[in-house]
Amino acid sequence: EVTINYRHGLPVITLTLPTRSERCRFTVKPMVTTVGTFLQDVRREDKGIERAEVFATDGSKVSDATLMEVLLMNDFKLVINNTAYSVSPPVKDKLSSEHATEMEDIKSLVHRLFVALHLEDHQIRKERELLQKLDHLKEELLPLEQMKARIMDSADAKASRLLWVGLALMSTQGGALAWLTWWVYSWDIMEPVTYFITYGSAMAFYAYFVLTKQDYIYPDAKDRQFLHYFYRKSKTQHFNVERYNKLKEDLAEAEESLRRLRQPLHLRLPIQEINDKD
């Protein structure tokens, strides 16, 4: 016969050892002890036990990794050698509210102790990993940053040159219209010409909007032309823009993680160690 009683809140399983023919008590911790650990304790107590297994009431075998807390929720069969015992765990009384509160306080205290003992080491180790990652990313980004700076300078120079060319063309057009108006023809003849030039310019601006879905605003147009030159130059210089952007995103993410990690870390480290790291 196998009996289960609760003493001081812990289940005590009492059974008869087959070789020694004596009753033996096994106190288990339901939330820690597994079925396999319990069976090992039984075999260790009686070396003559060759078979020790636990089955559910439907005949299925209970895994050794199952916690005793789960096993004790329902009836089960304990097989020792060739003898099967039907076990009916008693219904455990519900914890009083005060005892439950006390257990929660103990769990909270254990959690705080674990954090106090292990979190700082984990944070320091994580900080070192992030610093190594930052150094690696910066090494990869350094040649790309230099190449990007050269490409940006070239693209900006071309975009600025295009603006000056546009100003020169507009100045030339204004001078030509003035020369034709006052020295060659009269305003009566040149007025329709200027009208069609203005209408043609309006059509060009409208075509720009149709193609780009943007108004022709000078700063935006300059930025668009700058990007056009930048990507064309990047292609000829074999500058991988996608890889550069990915490295920059990883660098920003690592820096943000390091900043968030160091905020609680600086509150725990000694002053000398913090100064050495900075």
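Residues numbered from 1 in each chain as written. Predicted model: local features only at pLDDT ≥ 70, side-chain atom pairs only at ≥ 80, totals over all residues. Heavy atoms only, no water.

*Asks:* Can you walk me through the pairing of strand E2 (residues 10–17) in this structure?
*Replies:* Walk down a regular strand and you will see the side chains alternate between the two sheet faces. Most of E2 sits inside the fold, with 6 of its 8 residues counted as buried. Pairing of strand E1 (residues 3–7) with E2 involves 5 bridges; the strand directions are antiparallel. In the sheet register, Asn5 faces E2, and the bridge partner there is Val12. Linking two consecutive strands that pair antiparallel, namely E1 and E2, is a turn of 2 residues; a positive phi of about 60° is found at His8 within it. Note: E2 against strand E3 (residues 22–27), 6 bridges, orientation antiparallel. Bridge assignment links Leu15 to a residue of E3, and that residue is Cys24. Here E2 hands over to E3 after 4 residues, with Ser21 in that stretch at a positive phi of 50°. (Buried < 20%, exposed > 50% of the residue type's maximum accessible area, 1.4 Å probe, protein only. Helix = DSSP H or I, 4+ residues; strand = E, 2+ residues; numbered from the N terminus. Pairing = 2+ DSSP bridges.)

*Asks:* Just checking my understanding: could you explain the UniProt feature "transmembrane region" (unreviewed entry) in the chain for this structure?
*Replies:* Per the UniProt annotation, the sites labelled "transmembrane region" (unreviewed entry) are residues 162–181 and 193–211. With 100% helix and 0% strand, the stretch residues 162–181 has end C-alpha atoms that lie 28 Å from each other. End-to-end, the C-alpha atoms of residues 193–211 are 27 Å apart, and along that stretch the chain is 100% helix and 0% strand. (UniProt positions renumbered as here; feature names shortened; annotations may be inferred.)

*Asks:* Honestly, the sheet that holds strand E4 (residues 52–56) in this entry has me stumped. Any pointers?
*Replies:* By definition, the strands of a sheet pair up through backbone hydrogen bonds, in either a parallel or an antiparallel sense. The antiparallel open sheet is built from 3 strands, whose spatial order is E4-E5-E6. The strands lining the two open edges of the sheet, one partner per strand, are E4 and strand E6 (83–87). On average, adjacent strands in this sheet sit at an angle of 25° to one another, irrespective of strand direction. For strand E5 (residues 76–80) and E6, the ladder comprises 5 bridges, and the chain directions are antiparallel. Note that in E6 the partner of Phe76 across the bridge is Val87. Of the strands in this sheet, E4 and E5 are in contact with helix H1 (residues 35–45), which crosses E4 at around 140°. (Axes fitted to C-alpha atoms, helices over the stretch in contact; angles between N-to-C directions. Contact = heavy atoms within 4.5 Å.)

*Asks:* Looking at this structure, how should I read unusual backbone geometry?
*Replies:* Across the chain, the bulk of peptide bonds are trans and the bulk of non-glycine residues have phi less than zero. Here the phi dihedral of Asn81 falls at roughly 55°; this positive angle occurs in a residue that is not glycine. For Asn81, the location among the structural elements is in the loop between E5 and E6. Unlike most non-glycine residues, His238 shows phi in positive territory, near 60°. Tracing the sequence through the fold places His238 in the loop between helix H5 (218–237) and helix H6 (241–265).

*Asks:* What exactly am I supposed to notice about helix H4 (residues 187–212) here?
*Replies:* Working note: α-helix, 3.6 residues per turn, so residues spaced by three or four point in the same direction. Taking 1.5 Å of rise per residue, 26 residues should cover 38 Å, and H4 covers 36 Å from first to last C-alpha, within 8% of that figure. Once H4 ends, the next one or two residues include Lys213, with phi positive near 60°. (Expected span 1.5 Å × (residues − 1).)

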